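Coordinate analysis (summary)
One-letter residues, chain by chain:
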Amino acid sequence: MTTDIHATGAAPARRVSARRPKFRLNGYFFFLFPGVAIVLSMTLFPALYGIYMSLTNINLGYVGSSFVGLDNYVRFFTSPDLGLIARNTALFVACCVVLQACIGLAVAILLNQRLPGHQIMRSMTILPWVLPSVVVGLVFLQIFGGSRLGFGNYVLSLFGIGQQSWFSDPVLAMTILIAVCTWRGIPFSVIMFLGGLQTLPRDAFEAATIDGASRWQRFRYITLPMLRPIMLISVIMSTGGALNSLDIPLALTGGGPGNATELIAISLYKQSFFHLDIGYGATIGTIMLIANLVLIILYLAVLQPRREN
Amino acid sequence: MISRFGLMAAASVLAIASSPAVAVELNILVTSGYSPAAGFVPAAEIHQRLYEEFQQENPDITLKYELLDPGPTGLQKLLTLASSNNLPDAVIVDGQWIARLVQSDVLQSLDTYWPAEDRADFHPAVIDAETIDGKPYAVMFQTGMRGLLYRPSTLQAIGLDEFPKTVDEMMAAAEQLKAQGMSAEMVPAKATDEPSTMHMLAIYWGLGGELVDAEGAPIFFEGENAAHLAQVYQMYHDLVASGAMLADVTTMDEGALRPYFYGGEVLAIGGSSSGVKQMWSELPDLENDMSVAPYPMPVAGTEPVTILGGFAYGLTVKDPERAEAAWKFIEFMTESENLGEVCEALGILPVRSSIWENNTFFSTTPIMQSYRKLYDGNMKTRPAVPIYTAISSAISSQLAGVISGAISPEDAVLAARDAVMPEYERQTTR
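Please read all numbers here as calculations on a predicted model, not as lab measurements. All chains use their own residue numbering, which begins from 1 and follows the written sequence. Chain letters and ligand numbers both follow the written order, the letters beginning at A and the numbers at 1. For this predicted model, a pLDDT threshold of at least 70 governs which residues receive local features, and a threshold of 80 or more governs which side-chain atom pairs are given and counted, while totals over whole chains, interfaces and linings are taken from all residues. Water and hydrogen atoms play no part in the side-chain values, which are based on all heavy atoms of the structure.

**So, the overall build of chain B**
The helix and strand labels rest on DSSP assignments: H or I over at least four residues marks a helix, E over at least two residues marks a strand, and numbering proceeds from the N terminus. The number of helices and strands found in chain B is 20 helices and 13 strands. A principal-axis box enclosing the C-alpha atoms of chain B has dimensions of 105 × 55 × 35 Å. Remark: exposure states derive from per-residue accessible area (1.4 Å probe, protein chains only) relative to the maximum for the residue type, with buried under 20%, exposed over 50%, and partly exposed in between. Across the 430 residues in chain B, those meeting the buried criterion constitute 55%. Working rule for contacts: check all heavy atoms of both residues, and any pair within 4.5 Å makes them a contact. Counted over contacts in chain B with a minimum sequence separation of 6, partners at least 24 positions apart contribute 73%. In the form shown here, chain B has an accessible surface area of approximately 17,800 Å², with 52% of it arising from carbon and sulfur atoms. Considering chain B, the positive charge centre built from 25 side chains and the negative charge centre built from 56 side chains are found 6 Å apart. Note on areas: these come from Shrake-Rupley sampling with a 1.4 Å probe, and a residue is covered only by the protein chains present in the view. When charges are counted, Lys and Arg contribute as positive and Asp and Glu as negative, whereas His and the chain ends are disregarded. Positions of charges follow a simple convention, taking NZ of Lys, CZ of Arg, CG of Asp or CD of Glu.

This is how it looks when you write it as structure tokens:
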């Protein structure tokens, strides 16, 4: 009888070990641990601590704080400014991501051609990306300064066009903001797409050309599907960049006029560093984190290459 | 043997007894702009020299300074140091924090240290701002004043001898200036930017408006106060609608207005006294052709109230011996001649009458003379209550809507109220 019991117990154990290798504390773990610990302490811990702070009423103007549950989240979702900020952020992110992807791909295709001077053009394309964002914001602030000394107005004056108040019109201000952030982000998309284009197999294009496929058909049915993984990474990165974008919008419009161009990141900044309401700022940060994750999952679902059976 | 040890012990006791007193190590927390670590070289040099002179005059005191953020995080640091019993001996604080720091037992009364005759040299509004329950708690050593900076030569060019005192006079001047392609005035109206509110406040207070009551509760949206605030909003709207002011101001801080002034596109811009020296360095011509005027008022016969605000030295130590040493330092730094040199080097405005009278820079420079007129007029500090930041933000946030005509001045007051009161409730129920 005892033999039977041991026999029945041993059989499933062998089955499990055959499916999943047993975790063993070997030397690799100790080599990996410092790196993993540093990365987690810099990413996971702040994220979790931010979530914790979002459940408190911590404010730098006061000593001490207490647990307030979901009060900050209720405050956020019942805020009268929520509609405006959500609309601004959605418009800004959507425009920046789509424009960066489209223009980035177009420029990458151009640079992938063996045109005269393409090496210099490739180097120049990266320039906006290597400039510090705050500098980009301040430079464009000078360009679109409403004064006659502003470069934009000076250029207009050469064509006999009167002085423009660039940032006092909400639509124009948002357009400039999107244009500048897109300009800053395009080089990243170009680099990604150019790298992807250079790895595409030539034989597929040659076969398609022999079969009589037009230039558009080759792009539509070969280039685009093969660039899908690159597009996924590029779009995820540019979405994160646009959603969390603070430096350029803060330097350029600061959310103005009024709060007409206020984005969620500017709102977080104002609450945390102007009103010193760190608890509420952390709440906005947590909501941004969730929004980022949701968008990434969506992109993965839509853009991830499907494995055909 | 015993006698030899006895002699050695006696000699040691005598040596200790005859040595000079142990030096007091004075720990002070100062903002970098008012310390030897200042980024502005003349400020660093004058503070370095004064610290050295203080050390020479007081060899029994060793001065040790650390830097404190001049912004709200500095206030938080002080409150945290107080809660952990780690306060320094003396500090430089924003005048706005005084009430809060007294409430939290951070600042100690200077009543027993600061002689009445010395206090009399300060502007009464300064003494009032740093006095709580009849006792002074800090020595304010400078102030920034906001007003309209203009070129007297431009004013004369349109045939005016003096700066317009009312909005109507300003509008009339604007008509003449339009012919020359100029606007009349520009003041910052950027949302959530405190200077935007400060320019408004001078006019609002001048009309008789109040932001908070004696208990610190917001009242700017009630009765007469609401009417005065709506009047100020209306004034901004009218100035822009008539072309006397450009709509661009809704996205501008004080620094952004300067190109308009430098390029001769506007007669006057709202600015702070603390930026005057920088403006001189950017456009040297201004040193001989720039003055400051009070804001034109929407109601004839009223005058704006200049906002008083600046940094102050405070005593944070309770131990009498250390407090004595800390007071010696404060007294030395705020003494008329020394403080005059600091104010002149930094281009900041003094709050001691003797400096205005005796220091050559302040008594002879034309623009400083025009600041002196503001100094001699009505001055008032911003309410030192936690809700002020929210009020300031809410009031300035409505400016763009009012100026563009998207919201009426009366509705803007109500919108500001709706933004402030939930925050006030949160603050009072903490």
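**Looking at the domain arrangement of chain B**
Residue and element names in this part refer to chain B. If you check the domain split of chain B, you get domain 1 (23-140 + 310-380) and domain 2 (146-306 + 382-428). Reported domain spans reflect what an automatic or database domain assignment gives. Here the C-alpha centre of domain 2 lies 29 Å away from the C-alpha centre of domain 1. Taken together, the contacts link 16 residues of domain 1 with 19 residues of domain 2. Summed over both sides, the interface of domain 1 with domain 2 buries roughly 1,800 Å², with 59% coming from carbon and sulfur. The buried area of a pairing is the accessible area, by a 1.4 Å probe, that goes missing from both parts when the two are put together, added over both. Interface area lost by domain 1 to domain 2 is led by Q96, I367 and K380, which between them contribute 38%.

**Some words on the packing of helix α4 (residues 82-112) of chain A against helix α5 (residues 118-125) of chain A**
Residues and elements named next belong to chain A. Helix axes use the C-alpha atoms of the stretch in contact, all axes being lines fitted to C-alpha atoms, and the angles between their N-to-C directions lie in the range 0 to 180 degrees. Close contact between α4 and α5 brings their axes to 9 Å; oriented N to C, the two are set at 150°. By the angle class used here, α4 and α5 are roughly antiparallel. On the side of α4, the interface is formed by V107, L111 and N112, while α5 contributes H118, M121, R122 and T125. Partitioning the contact of α4 with α5 into residue classes produces three nonpolar, three polar and one charged. To sort the angles, those under 35 degrees are grouped as roughly parallel, those over 145 as roughly antiparallel, those from 65 to 115 as roughly perpendicular, and the leftovers as oblique. All residues other than Ala, Val, Leu, Ile, Met, Phe, Trp, Tyr, Cys, Pro, Asp, Glu, Lys and Arg, Gly among them, are scored as polar; the first ten of these are nonpolar and the last four charged.

**What about the environment of A191 of chain B?**
Mapped onto the elements of the fold, A191 of chain B is located in the loop between β8 (183-186) and α9 (194-207). Overall, the relative accessible area of 10% leaves A191 of chain B in the buried class. Taking the C-alpha atoms as reference points, A191 of chain B and D253 of chain B, 62 residues apart in sequence, are found 9.3 Å from one another. Here A191 of chain B is in contact with G258 of chain A together with T250, S396 and S397 of chain B, once residues within four sequence places are set aside.

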